[in-house]
Structure formats: structure tokens, C-alpha cells
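Each chain, written out:
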Amino acid sequence: MLDPDVVEAMNKYNLKAYGNASSTHHLGQEAKMAVNEARHVIAKSIGAKDEEIIFTSGGTESNNFALMELFFANPDKKHIITTKIEHDCILKTCKLLEKLGAKVTYLDVDEEGFISPQSLEKAITKDTLLVSVIHGNNEIGVIQNLEELGKICRKHKVYFHADACQSYTKTELNVKKQNLDLVTLNAHKIHGPKGVGALFIKKGTRINAFIQGGGQERGLRSGTENVPGIVGFAKAVKLAMKTDNKKISGLRDYFIEEALKIPNVILNGPKGAGTKGIEDSHGFGNKASKQSKISGTTKGGDKRLCNNVNLSFRYIEGESIGAALDAKGICTSTGSACSSHMLEPSHVLMALENNAERAHGSLRITLSRFTTKEELDFTLQELKKAVKKLRKISPLTKLLRKV
Amino acid sequence: MYSKKILERFQKPKFAGEIKKADVVGEVGNVKCGDIMRIYLKIKDGKVKDIKFKTYGCVAAIASTDYLCEIVKGKTLDGALKVTSKDVVKKMGKVPAIKLHCSVLAQDALKKAIEKYRKKK
């Protein structure tokens, strides 16, 4: 939900200081000052300079902007490196650029979702323009080591872009330390308003304007500024920087531990040090079975977003589990094909392991700073009921037990 | 996305389960595509005396199989074969376009069961 403090901050610019930030009258100037203050808050939060922050309509626009305009501004280099677990707004932009002459390498990930620095370095050629990596994955929560990847990019003098929509304020993000040239940020993942985001563009980056017009945002992204949205974004960042992420990851680990007590469930994404991914030997194929031999606790670890849980349930579909929970007022997501517009299972889960049942049976539970233990207990209780009920009417339950 | 009617049927299906001594069982689909439907039939005097199902799949898959069972119960085998996915969809109300293929699968499972039964005879 939108943080009530964010609503309050925005209201001033919706109801009173409703000036156009490009106008010279006092209301316009008040709006302009608010935009600049917000820019400062966001720049500071990632170790950037104010003028390196360009406000956009959100993560999707920022990602399109970064890839397309860097490609068009640098016609001497045609090679882009990204990963198989990016958000669709990166993957589809890459597909478009391929049609326009780009060569794109999609890096594989390991069974927890990590890309290997060695494979990145191997993929870089003289023709490589850009490396674009999702910092915290929206589905499986894996956090990539930007510092390590950034060093490789600097060594080979290629631009480095991170899609930090999910990771922003939840884990360290510093453009200097991590050697980032471009970073995508957005507001609505941190209880800010929908429809506002930002793109960090390091000074000196050769890039074209994404939207032509009145020259706002240093001429790179024209269009009247969404002043209340930008103010709300900055307020959300301030509040998020104060959030106790450890408390959220503690609740996350509690949930994972309890959920894995249900038979035939695995945790998708990073398992954390010394963790086991599976409750028992009923894995989803070879890779999963291997994990079951690792002993230890069942925690998400610090390489997983503090608010992300992604589980796969055998014999049943994630969409059905989600619908059963929804009937009880609990909102979740799934990587099952059935929930997507294309009837294809999640490309992220399929990148971890080519196992359709695991992708179809997946359920993502996202926590926030407002999530309570009571809510999680209620979710666990309803989850257990839903799984039991759906397994009872699944034709797979008996069939696979015989095997 | 789903109508109230479909969700209610998904929550409380009337024909979910199995018939222990079924005369015939028909199954279609696979895990890869994300849908498996299995229909159990008890047949007496050329009529569907009892019908149950097990489904691996989404909300629409479970609800449509249940509605199919409801339509088919009591019908002659020929009558059951004449039931089309349109009949099921009509009963379900508004089905999201992308989910229409699910209600075809239930038909296929029923058809397979009846054909199997007739071959056995």
C-alpha cells in the first residue's frame, strides 16, 4: 500500500502547490524546488550526483530508455550482454534491438539464480557496448553481486546497467562502489506511488534523449514533471531507508521454514549459507534432489531480497493455490503458465531448471514492512489447507508416489 | 479475472474425487502444458450412472471439469459424446478467452474414457 506519509507529502502538490515545474510563477517555482529536492534525496541514496538522476514514468520506461538510447547513441558497438532472468521490459527491448542489428548474449544462471562473473567476462568482446543485469530478481529474489560484475565491466570498458527496481533500499546500492553507469529505480515497490521512477545516468555517458519535447530532465526525458509522484517517490525513499530490513528477512525466514514443513515443497532462488532447499527426498528432478542432501537450516540467506519467498509445490498448480488464498483475502503471485498472458511458464523459473512442473507449481509470497507475523501465520494455515485440498483432487499425487 | 460462479465452483467442486470401482478411466494432458484431466465413469444400461474427476491445473481447468461432470451425469453415452465445450462454457458464464482451451480438455478426457469403454465391450 501507499504509505500514508507519502500520500500526505503528495497531497500538498496535488491540492495546493499545483504548479507546472517549468512555469516561472511562484506556484511553478515551488513545484520545481520540490522536484529538485526529491532529486537530491534519490541521488544521495545511491551515491550519485543530483544531475545524474532523470525522472521517468517507472521501471519499465527506465529500462527501455537505458537500453535503447545507449544503443542508438553508440552505433560503433553492437553487442549487449544480459541474463536469462531479466524482467520482460529488458528481454523484449533486447529482442527489439536484435531486429535493429544488435547482438545479444543471454547469460545462464545457476540453480539458485546467480550469474557467474567468469561467464560474464568470457562473454565480453571488443564489440560489447553494455552489460545489463537485474540486481534483485522480482520472482526468485536473488541478489546479484554488482560490485564483482561492475569490476569486470570497468576492466573491459563496457557500460554497466542495473535494474534495481526490486532491490532499491532493500540491499546496498552505490553507483561508485558498484561501478554503475546506469541504474533503473522505481517508486511503487517501496510504498511509493505507481507511475514514477528514475534512471541514473552517470555523467559522461553517451546516450540519446528518450522522449522529445520541451526539454525537461536535462532534455533527455521531456514532458511535464509528475510533481506529486516525484515528491511521493522521494518521501517513500526516505521512509524505506529507515526500514529495518532485518526484521523483514526474519519474518521471511520464519515463513520459509514453516512452509517447507509441508511435504513436497521446494524453495526457489537462493537458499542461504548452509541451508537446505527441500523438505524431503521428493524433489523436482535431479538438481532439486541434490539440494536435498545439503543439511542445515531453511533460511533465505542474505543473497535473497528480504521480502521475497518463492516456493514450488509438487502435483498442483500455483494459480490454483493463489486463487484459493485470494478467496481468503491473501494476495500472491505465481510463475505458472496459467496466470500469464502467453500461457508460458515463468522464464525465470525455467532458467533455474528446465522443469515445467516446478514452474507451474510455483507461488510467490511478497512481504513488506507492514507484514506481521499474525498475517504470515494465517497465510501458512490457509496455504496448508489449499495445498491439501488441491492435492486431493490432483491426478498426479497418486501417480507420482508410485514411481 | 474469473467470474464469481467459476470461483465458487473451483472452491467447492461437486464431482471431485475418484470412483474406486470405475468401469473406465480417461485421461488427457501432461505436466509440461500444465493441465491433466482424468475422468472416472460408472456406466449402467448405456448411461453415465456416476462420474468423478481429478484435475491438475488452473482454476478454469478444475471448474470446467466439474461443470462437464454435472452436464454429463445421467446422459446416455451417445448423449454424453454430443456435449461440447460450448455447453460447458455456457454453464460457466464468462470465461477469460485465454482459458477457453481448458474447457476443451475436459471433453477430450470424457471422449477418451467412452471410447475406451466401447473398445473394451
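On a predicted model such as this, the values are computed, not experimentally measured, just so you know.

Further remarks concern the overall build of chain A. A tally of regular secondary structure across chain A gives 14 helices and 10 strands. Relative to the 2.2 N^0.38 estimate, which gives 22 Å for 403 residues, the radius of gyration of chain A is 22 Å and therefore close to what a compact globule would have. The C-alpha extent of chain A, read off along each of the three principal axes, is 75 × 50 × 35 Å. Among the 403 residues that make up chain A, the fraction classed as buried is 50%. Restricting the contact set of chain A to residue pairs at least 6 apart, pairs at least 24 apart contribute 70%.

Here we come to the packing of helix 3 (residues 59-73) of chain A against helix 4 (residues 88-99) of chain A. Residues and elements named next belong to chain A. Two elements in contact, helix 3 and helix 4, have axes whose closest approach is 9 Å; the angle formed by their N-to-C orientations is 25°. In terms of orientation, helix 3 lies roughly parallel with respect to helix 4. As for how helix 3 packs across helix 4, the hand of that crossing is right-handed. Along the contact surface, helix 3 presents Thr60, Asn63, Asn64, Leu67, Met68 and Phe71, while helix 4 presents Cys89, Ile90, Thr93, Cys94 and Leu97. Classifying every residue of the contact of helix 3 with helix 4 gives seven nonpolar, four polar and no charged.

This part covers the domain arrangement of chain A. All names here are of chain A. With domains assigned, chain A is organised as domain 1 (4-241) and domain 2 (245-402). A C-alpha centroid distance of 30 Å is found between domain 1 and domain 2. For the side of domain 1 that touches domain 2, the residue count by class is five nonpolar, six polar and five charged.

About the criteria used
- Residues numbered from 1 in each chain as written.
- Chains lettered and ligands numbered in written order.
- Predicted model: local features only at pLDDT ≥ 70, side-chain atom pairs only at ≥ 80, totals over all residues.
- Helix = DSSP H or I, 4+ residues; strand = E, 2+ residues; numbered from the N terminus.
- Rg over C-alpha atoms; globule rule 2.2 N^0.38 Å.
- Buried ≥ 20, exposed ≤ 12 C-beta atoms within 10 Å, placed from the backbone.
- Contact = placed C-beta atoms within 7 Å.
- Axes fitted to C-alpha atoms, helices over the stretch in contact; angles between N-to-C directions.
- Parallel < 35°, antiparallel > 145°, perpendicular 65-115°, else oblique.
- Left-handed = near helix turned anticlockwise from the far one by under 90°.
- Nonpolar A, V, L, I, M, F, W, Y, C, P; charged D, E, K, R; others polar.
- Domains from an automatic or database assignment.

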